[in-house]
Amino acid sequence: MEKNKSIVVLDVGTHKTVVAVGEIKEGELYITGVGEALTRGLEKGLVVRSFDAIQSIKEAVDKAESIIGYKIDGVIANASGYHIVCANEREEETFTEGAKAIQDEDIDGLLNKLADSIETNGYEILHIIPKKYKLDGYNEVEEPVGLTASKLEGEFHLILVRENDYKNLKRVIGEAGVRPIDFVVNPVASAEAVLYEDEKDLGVAVIDIGAGTTDIAVFIDRGLDYTASIPIAGNQITMDIAHRFKISKEEAETIKVDYGTALLEYADNSIIEVLPIGVDEPIQINNVELVETIEARLTEIFELVKAKLDKKGYTNKIKGGIVLTGGVANTPDIKTLAEAVFKTDVRIGKPKDFKGYNDKLYKPEYSTTVGIMLYHRANLIDNSVGLFSIFADRDIDILSFVKKLIEKLKGSF
Ligand SMILES: Nc1ncnc2c1ncn2[C@@H]1O[C@H](COP(=O)(O)OP(=O)(O)OP(=O)(O)O)[C@@H](O)[C@H]1O
Ligand SMILES: [Mg+2]
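Nothing here was measured: the structure is a model prediction, and the numbers come from that model. (Residues numbered from 1 in each chain as written. Chains lettered and ligands numbered in written order. Predicted model: local features only at pLDDT ≥ 70, side-chain atom pairs only at ≥ 80, totals over all residues.)

Tell me about the overall build of the chain, and name the residues and values.
Along its length, the chain carries 13 helices and 20 strands. Relative to the globule expectation of 22 Å for 413 residues, the C-alpha radius of gyration of the chain, 22 Å, shows essentially globular dimensions. With the principal axes as the frame, the chain shows a C-alpha extent of 85 × 50 × 40 Å. The buried share among the 413 residues of the chain stands at 45%. Sequence-distant contacts in the chain: of pairs separated by 6 or more residues, those separated by 24 or more amount to 70%. (Helix = DSSP H or I, 4+ residues; strand = E, 2+ residues; numbered from the N terminus. Rg over C-alpha atoms; globule rule 2.2 N^0.38 Å. Buried ≥ 20, exposed ≤ 12 C-beta atoms within 10 Å, placed from the backbone. Contact = placed C-beta atoms within 7 Å.)

So, in structure tokens, the structure goes:
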């Protein structure tokens, strides 16, 4: 295999850390190796114990390397954590030389102009994602390169991450012995893996419920319009169960996955034996009590997401419904519960558009992992386009917040 044509992604989740290696064969993405480790040292998507996090990443990298048979150098990683903020911004450029055929450099110029207008304040821009362009004030286009105009305008979705969280993440990845080349935020990656273009046309919300965070991405009119992350997810459900029955986190996780469902209405009265902490004899709990606990927390998560969608006016705009993904989307009956709360169609999203390791990766919990790779697929097909985002080679310090943006964000979050 040609190493330089392969892409390595690292998905550091709160529950699991995954390294996946892929390559393009006849235009399709093939996954050629996967290494996975249980994550230690992360909470709510953030590094809380560096040493443990480094060990988890090393373990996943080692496993992937033993499969692919060569050393991994650079990785494209996920940027997780709930302190992400987003904004929709526009930028324009009038060409002094008059009408001209727009080139890639003009687009870069527009992106850089927007990035440069941004002042740092503890955040860094991770993505500037184009939504649409306008030529000469009236002609709306998706792909302006090659078209002639004397004025270029663009609308962009910006995603910013907290500088310190981002530094910690970069440091632990580096100390695990791999070089972080670029990052994709969780909601962008998950959406890339599970959505169909038709859903983006109609308007759709992707909700990725992992262990530490619930990540949201909303597409309106094809373009990414909103991204957010909430620090309540599967781990919280596990902790609720542990607290209610006074059992260990591990035992709570096991009974949640083995017997849990999302709807009390469908729960049977079966008996589950558990061993409370410090007690020698197992006790019996009713399955109804377990499901009650799960349903309550899941409902709260959905209501928090719904409140955000309502506040931003998306509820009536997402005609394509809601796509649920992330490990928690495996909970039986979760689709029915979500439909009751959101009052719209819901489907469970699994990562698509890849080959290889299907048995392993065709599951909701791998949407972010596969999505990071799909997000960078264009770079694999055309090596002349660097592997990097527009920011990878910029001085990171200049990439932070615009004061005016903060003012704007204060009002909207
Ligand atoms: N069958 C199941 N029923 C209920 N919950 C499940 C099931 N399978 C997985 N989960 C839950 O999904 C969560 C893990 O999801 P995932 O692997 O997407 O998280 P992660 O990517 O490691 O974390 P994050 O992205 O939040 O940092 C855990 O809380 C786990 O209990
Ligand atoms: Mg995840």
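I'd like a description of the site of ligand 1, backed by residues and values.
Every one of the 25 residues lining ligand 1 counts as a neighbour, but Gly13, His15, Gly210, Gly234 and Gly327 are closest to it. Across the shell around ligand 1, the residue classes tally to 4 nonpolar, 17 polar and 4 charged. (Near = placed C-beta within 6 Å. Nonpolar A, V, L, I, M, F, W, Y, C, P; charged D, E, K, R; others polar.)

Give a detailed account of unusual backbone geometry, specifying residues and quantitative values.
Most peptide bonds take the trans form, and the phi angle of most residues other than glycine is negative. Its identity is not glycine, yet Asp136 carries a phi of approximately 50 degrees, on the positive side. Its place among the elements puts Asp136 in the loop between strand S9 (123-135) and strand S10 (139-141).

Talk me through the confidence of the model for the chain; I want residue IDs and the actual numbers.
Averaged over the chain, the pLDDT score is 89; the fraction of residues at 70 or greater is 90%. Per-residue pLDDT stays below 50 along residues 382-413; that stretch engages in 49 contacts with residues further than four places along the chain or on separate chains. (pLDDT = per-residue confidence, 0-100.)

Could you give me a rundown of the sheet that holds strand S14 (residues 204-209), with the residues and numbers involved?
With respect to topology, 5 strands assemble into an open sheet ordered S16-S15-S14-S19-S20, the strand pairing being mixed. Each having just a single partner strand, strand S16 (223-230) and strand S20 (346-348) make up the two edges of the open sheet. Neighbouring strand axes in the sheet, compared pairwise and without regard to direction, differ in orientation by 20 degrees on average. Sheet analysis places S14 next to strand S19 (residues 322-325), joined by 4 bridges and oriented parallel. Paired with Asp208 across the two strands is Thr325, which belongs to S19. Running at roughly 35 degrees to strand S15 (residues 214-220), helix H8 (residues 287-311) makes contact with S14, S15 and S16 of the sheet. (Pairing = 2+ DSSP bridges. Axes fitted to C-alpha atoms, helices over the stretch in contact; angles between N-to-C directions.)

An account of the nonpolar core is requested, with residue identities and associated values reported.
In terms of nonpolar packing, the biggest core is built from 107 residues, with Ile57 and Ala205 touching the most fellow members. Among the elements that take part in this core, H8 stands out by supplying 8 residues, more than any other. Beyond its immediate chain neighbours, meaning those up to four positions away, Ile57 contacts Leu10, Val12, Thr17, Val172, Ile173 and Ala176. (Core = buried A, V, L, I, M, F, W, Y, C linked by C-beta atoms within 7 Å.)

If you had to explain helix H4 (residues 186-194) to someone new, which residues and values would you point to?
By the criterion of burial, H4 is predominantly enclosed, with 9 of the 9 residues buried. All buried positions along H4 are accounted for by Asn186, Pro187, Val188, Ala189, Ser190, Ala191, Glu192, Ala193 and Val194.

Describe the sheet that holds strand S6 (residues 74-79), and please don't skip the residues or the numbers.
The 5 strands are arranged S3-S2-S1-S6-S13 in an open sheet whose pairing can be described as mixed. Looking at strand neighbours, the two that pair on one side only are strand S3 (28-38) and strand S13 (179-185), the edges of this open sheet. Across the sheet, the mean angle from the axis of one strand to that of its neighbour is 25 degrees, orientation sign disregarded. Where strand S1 (residues 6-12) lies against strand S2 (residues 16-25), 7 bridges are found, and the strand directions are antiparallel. What sits directly across from Ser6, in S2, is Glu23. The strands touched by helix H11 (residues 367-375) are S1, S2, S3, S6 and S13; relative to S1, the strand with the most contacts, the crossing angle is about 145 degrees.

Could you give me a rundown of the pairing of S1, with the residues and numbers involved?
Burial within S1 is extensive, with 6 of its 7 residues counted as buried. Hairpin connection, S1 to S2: the antiparallel pair is bridged by 3 residues. The pairing of S1 with S6 spans 2 bridges and is classified as parallel. When the sheet's bridge partners are listed, Leu10 is paired in S6 with Ala77.

So, the packing of helix H1 (residues 50-68) against helix H3 (residues 163-175): which residues are in play, and what are the values?
Between H1 and H3, the shortest axis-to-axis distance is 8 Å and the interhelical angle comes to 50 degrees. Considering their axes alone, H1 and H3 lie oblique with respect to each other. As H1 packs across H3, the resulting crossing turns out to be right-handed. For the pair formed by H1 and H3, the contact residues are Ser50, Ala53, Ile54 and Ile57 on the first element and Val172, Ile173 and Glu175 on the second. Among the residues forming the contact of H1 with H3, the class breakdown is 5 nonpolar, 1 polar and 1 charged. (Parallel < 35°, antiparallel > 145°, perpendicular 65-115°, else oblique. Left-handed = near helix turned anticlockwise from the far one by under 90°.)

Let's hear about the environment of Glu295: which residues, and what values?
On the secondary structure map, Glu295 appears in helix H8. C-alpha separation for the pair Glu295 and Tyr82, spaced 213 residues apart in sequence, amounts to 23 Å. In this structure, Glu295 is in contact with Ala262, Leu263, Leu264 and Leu337, ignoring residues within four places of it in sequence.

So what about H3? Which residues, and what values?
Helical geometry note: an α-helix holds 3.6 residues per turn, so side chains three or four residues apart project in the same direction. Relative to the 18 Å expected for 13 residues at 1.5 Å per residue, H3 spans 18 Å between its end C-alpha atoms, a close match to the ideal helical length. Among the residues of H3, Asp165, Tyr166, Leu169, Val172 and Ile173 are the ones counted as buried. Within H3, the buried residues cover an arc of 135 degrees as seen down the axis, which keeps them to one side. Just downstream of H3, Gly177 is the residue with a positive phi angle, here 95 degrees. (Expected span 1.5 Å × (residues − 1). Arc of directions from axis to C-beta.)

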